[in-house]
Amino acid sequence: MYKSSYPKTFPENFLWGGATAANQIEGAWNIDGKGLSTAEVVRKSEDRHQMSMDDVTRESLKNALLDQTDQYYPKRRGIDFYHRYKEDIKLFAEMGFKVFRFSMAWSRIFPTGEDEKPNEAGLNFYDCVLSELEKYNIEPLVTLSHYEMPIALTEKYNGWSKRQTITAFNLFTGTVFKRFKGRVRYWLTFNEINTGTWGFHETGAIDGNLSKEDQLQIRYQCLHHQFVASAIATKQLREIDPKAKIGCMLARMQTYPSTPNPKDVRAAQLEDEKNLFFTDVQARGEYPEYMNRYLAENNVEIKMENDDQNIISKYTVDFVSFSYYMTTVTEANGKEQANGNMATGGRNPYLKESDWGWQIDPIGLRITLNAMWDRYRKPLFIVENGIGALDKLDKGRIHDSYRIDYLRQHIEQMKEAISDGVDLLGYTMWGPIDLISFSTSEMSKRYGFIYVDQDDSGKGTLDRIKKDSFYWFKKVIASNGEDLS
Ligand code: BG6
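Residues numbered from 1 in each chain as written. Predicted model: local features only at pLDDT ≥ 70, side-chain atom pairs only at ≥ 80, totals over all residues. Heavy atoms only, no water.

Novice: Now, about the site of the ligand: what can you tell me, with residues and values included?
Specialist: Taken together, 15 residues form the shell around the ligand, and within it Glu192, Phe438, Ser439, Lys445 and Tyr447 come nearest. Within the side chain of Lys445, a nitrogen or oxygen atom sits 2.7 Å from an oxygen atom of the ligand. The residue makeup of the shell around the ligand, split by class, is six nonpolar, six polar and three charged. (Near = heavy atom within 4 Å. Polar contact = N/O pair within 3.5 Å; in protein donor to acceptor, adjacent residues only side chain to side chain. Nonpolar A, V, L, I, M, F, W, Y, C, P; charged D, E, K, R; others polar.)

Novice: Describe the layout of surface pockets, and please don't skip the residues or the numbers.
Specialist: As a volume, the second largest pocket reaches approximately 290 Å³. For the second largest pocket, the lining is made up of 16 residues, of which Lys352, Glu353, Ile360, Ile387 and Tyr402 are closest to its centre. Every element with two or more residues in the lining of the second largest pocket is listed here: strand S11 (352-353) and helix H14 (401-419). Top element by residues in the lining of the second largest pocket is H14. It accounts for four residues. In terms of residue class, the lining of the second largest pocket is made up of nine nonpolar, three polar and four charged. (1 Å grid on protein atoms, 1.4 Å probe; cavity = no way out; pocket = protein on both sides within 12 Å on 5 of 7 lines; lining within 4 Å. Points joined across faces, edges and corners; volume = space filled by probe spheres on them. Helix = DSSP H or I, 4+ residues; strand = E, 2+ residues; numbered from the N terminus.)

Novice: Talk me through the pattern of salt bridges; I want residue IDs and the actual numbers.
Specialist: Scanning the model with the defined rule gives 38 salt bridges in all. The partner of Asp207 in a salt bridge is Arg219, and the shortest N-O contact between them spans 2.8 Å. With Asp207 in the loop between helix H8 (200-203) and helix H9 (212-240) and Arg219 in helix H9, this residue pair connects regions lying twelve residues apart in the sequence. Of the two residues, Asp207 and Arg219, both sit in the buried class. The partner of Asp400 in a salt bridge is Arg403, with the nearest N and O atoms 2.8 Å apart. Comparing Asp400 with Arg403, the two get one shared label, buried. Via salt bridges that share partners, Asp391, Asp400, Arg403, Asp434, Arg446 and Lys467 belong to a single interconnected network. (Salt bridge = Lys/Arg side-chain N within 4 Å of Asp/Glu carboxyl O. Buried < 20%, exposed > 50% of the residue type's maximum accessible area, 1.4 Å probe, protein only.)

Novice: I'd like to hear about the packing of helix H10 (residues 262-284) against helix H13 (residues 362-376), residue by residue, with values.
Specialist: Where H10 meets H13, the axes come as close as 11 Å, and the angle between the chain directions of the two elements is 35 degrees. Every pair of crossing elements has a handedness; the one defined by H10 and H13 is right-handed. Where H10 approaches H13, its residues Leu276, Thr279, Asp280, Ala283 and Arg284 are matched on the opposing element by Met372, Arg375 and Tyr376. Classifying every residue of the contact of H10 with H13 by side-chain character gives four nonpolar, one polar and three charged. (Axes fitted to C-alpha atoms, helices over the stretch in contact; angles between N-to-C directions. Left-handed = near helix turned anticlockwise from the far one by under 90°. Contact = heavy atoms within 4.5 Å.)

Novice: Help me get a handle on the pairing of strand S5 (residues 245-251), residues and values and all.
Specialist: For S5, the buried fraction is high: six of the seven residues fall into the buried class. The pairing of strand S4 (residues 186-190) with S5 spans three bridges and is classified as parallel. The residue of S5 that forms the bridge with Leu188 is Gly247. In this structure, S5 lies alongside strand S7 (residues 319-323), joined through five bridges in parallel fashion. Residue pairing in the sheet places Gly247 in a bridge with Phe319 of S7. (Pairing = 2+ DSSP bridges.)

Novice: Explain the sheet that holds strand S1 (residues 15-19) residue by residue, including any values.
Specialist: Paired through backbone hydrogen bonds, the strands of a sheet run either parallel or antiparallel to each other. Here we have eight strands rolled up into a closed barrel, ordered S1-S2-S3-S4-S5-S7-S13-S14, and parallel in their pairing. Along the sheet, successive strands turn relative to each other by an average axial angle of 25 degrees, direction set aside. Here four bridges tie S7 to strand S13 (residues 380-384), and the two strands are oriented parallel to one another. Looking at the pairing, Val320 lines up with Leu380 of S13. Contacts between H13 and the sheet are confined to S5, S7, S13 and strand S14 (424-430), with S7 contributing the most and set at about 155 degrees to the helix.

Following this line, the structure appears as structure tokens:
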């Protein structure tokens, strides 16, 4: 007789941990041979909460290249993980982390992207980080490109818009796969690859002066090159380190129709397809027909070379990872917009919002996990989820019950999804230690279990302080997700 295995709990080897990105934590932007990266020319906007990541123009780039300080460029200073990684990893180990997601800064290893030899000091830094993780049995999950690339490639090729950047990227990926063979089991190619449709931070291409139509053309062309580069990286990894696994990474934007009106339902379906297009290519190995139609209707013509389709279909990913922060609402005729770091969509009256107006939707996580599992039947990995908040220091403590509530509610829904049958590899909460915000370059938008004493202008001791959520997450991990109290 058939017997269901319901209810399920978190698998024994579930990977609990946290996620970061080099340009938001490392600092040390101009030492030990590192080249300048695209993230380090993004100026923090004067206006609080205003997004700063895509304000780069030819003019501002010129100024950024001349400016040798970190005053207006907080991603140049990060939280000094470069010098404090031992202390930080020790704190992650104290929480019981099973996995730590970080990215390797391409420009630390290939300062101009096309250097004859890699920068040994850069490779050595990641050697040291990996050794430290090994000391505590923490599994590394490495992103190869998290919103940055050597600025020299922007200057020379306008980022990903030229095919030469594919070659440069695969020089970098081949190098790190060989160097760290056997030490990294999980790799990701591009962080939130879909955000390339929003511009510079992902494509490395300056296109602010172009018409909307030309922008769309250049952005999808860049993305195509990234698909090819990602598939080539997958091929390289299978040849160099066949035991390792490689995944794609999507900023998942689940959207709901604003009403049962079929027009709204259809509009929401199209929005959803435009979001899932990226994982469709990387996990299923082809451009879906709905997207070919969308591109044609928007006069976007992607230039492909003969082998592109082949390589994309042959080297699909082993697992599908995504970030999950919020959901949106879609209405056929447009609607009041809610905030997000890049994506905006309609406001949902049933949801609460974070201090930055991001709509909090734990059940949406279960919905999306089920939908993605049904669609791909490949293991899933939640590699970002968390809440940016204004934490207050209270006699040396931070009582962040709002963060605990947010995470608890999402973990509960993950458990439900596992019971629904979803194969989930792990969960890396975003920003386990406070870091520089990607979208606003603020320090005061804090995600961490660990507080970092630094303000928006870079002042502070950089001391690390454990928040209430630190102790809570430690309990969650120790009980493998059973004790969420
Ligand atoms: C994701 C990015 O979009 O969201 C991270 O991958 C980013 O780099 C995170 O930090 C949170 O966004 P923000 O803008 O609040 O830092």
